[in-house]
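Listed below are the residues making up each chain.
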Amino acid sequence: MQKNIVVIEGDGIGPEVTRQAIKVINAVIEPNGHHFTYKYCLMGADAIDKTGNPLPDQTIEAALNSDAILFGAIGHPKYDNDPSAKVRPEQGLLKLRKSLQLFANIRPVATYPALQHLSPLKAKNLEGVDFIIFRELTGGIYFGKKELSEDGQRASDDCVYTTEEIERIAHLAFKQAQLRRKRLTLVDKANVLETSRLWRKTVQQIAPQYADVKVDFLFVDNAAMQIILNPRQFDVMLTENMFGDILSDEASVISGSLGLLPSASIGKGAALFEPIHGSYPQAAGKDIANPLGSILSAAMLLDHFGLNKEAGKIREAANWTLQNGFVTKDIDPINFYFTSTIGELIADYVGGKIPGGVKKENIELRKSTII
Ligand code: IPM
Ligand code: MN
């Protein structure tokens, strides 16, 4: 298999984690005769610095002509506290999502026994937690009309949804539920918002086409509480853009580290894969960030191409590093390994260079050479 991948390393820790993901992809696909070519493109604060534009046309063009996009992270603190900034890094990502029509953002939430002690939840509440969030990504309040009055005293953001926008992601979520534990929870605020009532009605109308899936509905405030109280109850969670943004960050810390969660954004053409963590500017260039979010996003990319065996191998390798204490500073602030070391270890593991049963003591720090 031959694929063209656009790589957008982006801001902060984006470049260093994305490099590990590429190393791992190559190590797992090349022995099986597959080959990916990578085209590097700009987006975000990095693109503003270099071109004045958070999403240069060349990036859109390359992304539209690619088979998939691997993206690192976006954002820089110099824009965060400047509400009057006209150009912002995040505009690049939002425009890319819109240009590629990436309407479904898929965020799996898994837990790892090795990280249980880092989770804010009690161990007994973590057992069996395994759900997946389907977040609508190209509509709602993110993309509605934005206004600021001339005197600067009044602002508004419209929230708009059409049935078509709801249906297309709902079908994907129902299909995913059929492959899993056959439960779908729509999260909305139908007691207050008209758009939420449209979501509920549309999902109720589609539900009979998926008679084997049990559907329930939760208001978003209650859902936020249930994620903490009893996350095991969820299988597929479907929600609109902003609720999904907030709930997926909340859900991500259950695993013990925000650095671990991958995501896929699916649309009509090329799909985009990115860790859900931000650009973590304080860690940029220090080789300490957790590359697993990016590496596991690479696994989702391989699944997307039907390379499920290779994707499974990456997940197995990620588990192996966690179980053996090969972890970055976010997980163990004292005995930690560097970003690049974890990348090399996982690349060696998936490339069959690490024999089963090898112990931590046998792997020298910063090198994956087995002594
Ligand atoms: C995310 C991010 C983005 C969002 C930002 C960077 C625009 O938080 O992917 O969740 O809000 O969608
Ligand atoms: Mn977010």
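Visitor: Which residues make up the pattern of salt bridges, and what are the values?
Guide: Per the stated rule, a full pass over the model turns up 17 salt bridges. Linking Asp221 and Lys189 is a salt bridge whose minimum nitrogen-to-oxygen distance equals 3.1 Å. Taken together, the residues span a long stretch of sequence, with Asp221 in helix α9 (residues 220–229) and Lys189 in the loop between β8 (183–188) and α8 (194–206) at a distance of 32 residues. You can call Asp221 partly exposed: its relative accessible area is 45%. What emerges from the salt-bridge pattern is a single network uniting Asp130, Arg180, Arg181 and Asp235.

Visitor: How would you explain the site of ligand 1 if you had to name every residue and give the values?
Guide: Neighbouring ligand 1 are the residues Ile74, Glu90, Arg97, Arg107, Arg135, Tyr142 and Asp245. At a separation of 2.7 Å, an oxygen atom of ligand 1 approaches a polar side-chain atom of Arg97. One nitrogen or oxygen atom from the side chain of Arg107 is found 3.0 Å from an oxygen atom belonging to ligand 1. In the complex, 78% of the free accessible area of ligand 1, which totals 320 Å², lies under the protein chains. Each of two domains, domain 1 (1–108 + 258–371) and domain 2 (120–255), supplies a minimum of three residues to the shell around ligand 1.

Visitor: Can you explain helix α1 (residues 14–29)? Please cite residues and give values.
Guide: With 16 residues, α1 extends 22 Å between its outermost C-alpha atoms, agreeing within 8% with the 22 Å of an ideal straight helix rising 1.5 Å per residue. In terms of burial, α1 is a largely internal element, twelve of the 16 residues being buried. Residues of α1 that are buried include every one of Gly14, Pro15, Glu16, Val17, Thr18, Gln20, Ala21, Ile22, Val24, Ile25, Val28 and Ile29, and no others. Lining the buried residues of α1 we find β1 (2–10), β2 (35–40), β3 (68–73), α11 (292–304), α12 (308–323) and α13 (339–350).

Visitor: Can you tell me about unusual backbone geometry, naming the residues and giving the values?
Guide: Unusually for a residue other than glycine, Gln101 sits at a positive phi of about 55°. Examined against the element boundaries, Gln101 turns out to sit in the loop between α5 (89–99) and β4 (104–110). Overall, Gln101 belongs to the partly exposed group, its relative accessible area being 22%. The phi angle at Asp287 is positive, at roughly 65°, despite the residue not being glycine. With respect to the secondary-structure elements, Asp287 resides in the loop between β12 (271–275) and α11. Residue Asp287 is classed as buried on the basis of its relative accessible area, which comes to 16%.

Visitor: Describe the nonpolar core, naming the residues involved and giving the relevant values.
Guide: Among the nonpolar cores identified, the biggest contains 86 residues, and Phe36, Leu238, Leu301 and Leu302 are the most heavily contacted of them. Residue contributions to this core reach at least three from each of two domains, namely domain 1 (1–108 + 258–371) and domain 2 (120–255). Discounting residues that sit within four places of it in the chain, Leu302 has contacts with Ile25, Val28, Ile29, Phe36, Leu307, Glu310, Ala311 and Ile314. By size, the runner-up hydrophobic cluster in this structure holds 17 residues, among which are Cys41, Ile69, Phe71 and Ala270.

Visitor: Outline the domain arrangement of the protein, listing residues and values.
Guide: Examined at the domain level, the protein breaks down into domain 1 (1–108 + 258–371) and domain 2 (120–255). Each of domain 1 and domain 2 has a C-alpha centre, and these two points are 25 Å apart. With 17 residues of domain 1 in contact, the opposing surface of domain 2 contributes 18 residues. Linking domain 1 with domain 2 are zero salt bridges, by the criterion used here. In this assembly, domain 1 and domain 2 are joined by six residue pairs in polar contact (both at pLDDT 80 or more). Only α5 and β4 provide two or more residues apiece to the side of domain 1 that touches domain 2. Across the side of domain 1 that touches domain 2, the residue classes break down as ten nonpolar, three polar and four charged.

Visitor: Run through the pairing of β4, naming residues and quoting values.
Guide: Counting buried residues in β4 gives five out of seven residues, a clear majority hidden from the surface. Where β4 and strand β5 (residues 130–136) come together, seven bridges link them in antiparallel fashion. Looking across to β5, one finds that Arg107 is bridged to Ile133. Relative to strand β11 (residues 262–266), β4 is paired through three bridges, and the arrangement is antiparallel. Bridged to Ala104 within β11 is Ile266.

Visitor: I'd like a rundown of α5, residues and numbers included.
Guide: If you check which residues of α5 are buried, you get Pro89, Gly92, Leu93, Leu96 and Arg97. Down the axis of α5, the buried side of the element spans an arc of 130°, and every buried residue falls inside it. Two residues or fewer after α5 comes Gln101, characterised by a positive phi angle close to 55°.

Visitor: Now, about the packing of α1 against α12: what can you tell me, with residues and values included?
Guide: Taken N-terminus to C-terminus, the directions of α1 and α12 make an angle of 125°; their axes are 10 Å apart at the nearest point. With respect to each other, α1 and α12 are oriented oblique. Between α1 and α12 lies a crossing whose hand is right-handed. On the side of α1, the interface is formed by Val24, Val28 and Ile29, while α12 contributes Glu310, Lys313 and Ile314. For the contact of α1 with α12, the residue count by class is four nonpolar, no polar and two charged.

Cut-offs applied
Residues numbered from 1 in each chain as written. Chains lettered and ligands numbered in written order. Predicted model: local features only at pLDDT ≥ 70, side-chain atom pairs only at ≥ 80, totals over all residues. Heavy atoms only, no water. Salt bridge = Lys/Arg side-chain N within 4 Å of Asp/Glu carboxyl O. Helix = DSSP H or I, 4+ residues; strand = E, 2+ residues; numbered from the N terminus. Buried < 20%, exposed > 50% of the residue type's maximum accessible area, 1.4 Å probe, protein only. Near = heavy atom within 4 Å. Polar contact = N/O pair within 3.5 Å; in protein donor to acceptor, adjacent residues only side chain to side chain. Areas by Shrake-Rupley, 256 points an atom, 1.4 Å probe, with all protein chains shown as cover. Domains from an automatic or database assignment. Expected span 1.5 Å × (residues − 1). Contact = heavy atoms within 4.5 Å. Core = buried A, V, L, I, M, F, W, Y, C linked by side-chain atoms within 4.5 Å. Nonpolar A, V, L, I, M, F, W, Y, C, P; charged D, E, K, R; others polar. Pairing = 2+ DSSP bridges. Arc of directions from axis to C-beta. Axes fitted to C-alpha atoms, helices over the stretch in contact; angles between N-to-C directions. Parallel < 35°, antiparallel > 145°, perpendicular 65-115°, else oblique. Left-handed = near helix turned anticlockwise from the far one by under 90°.

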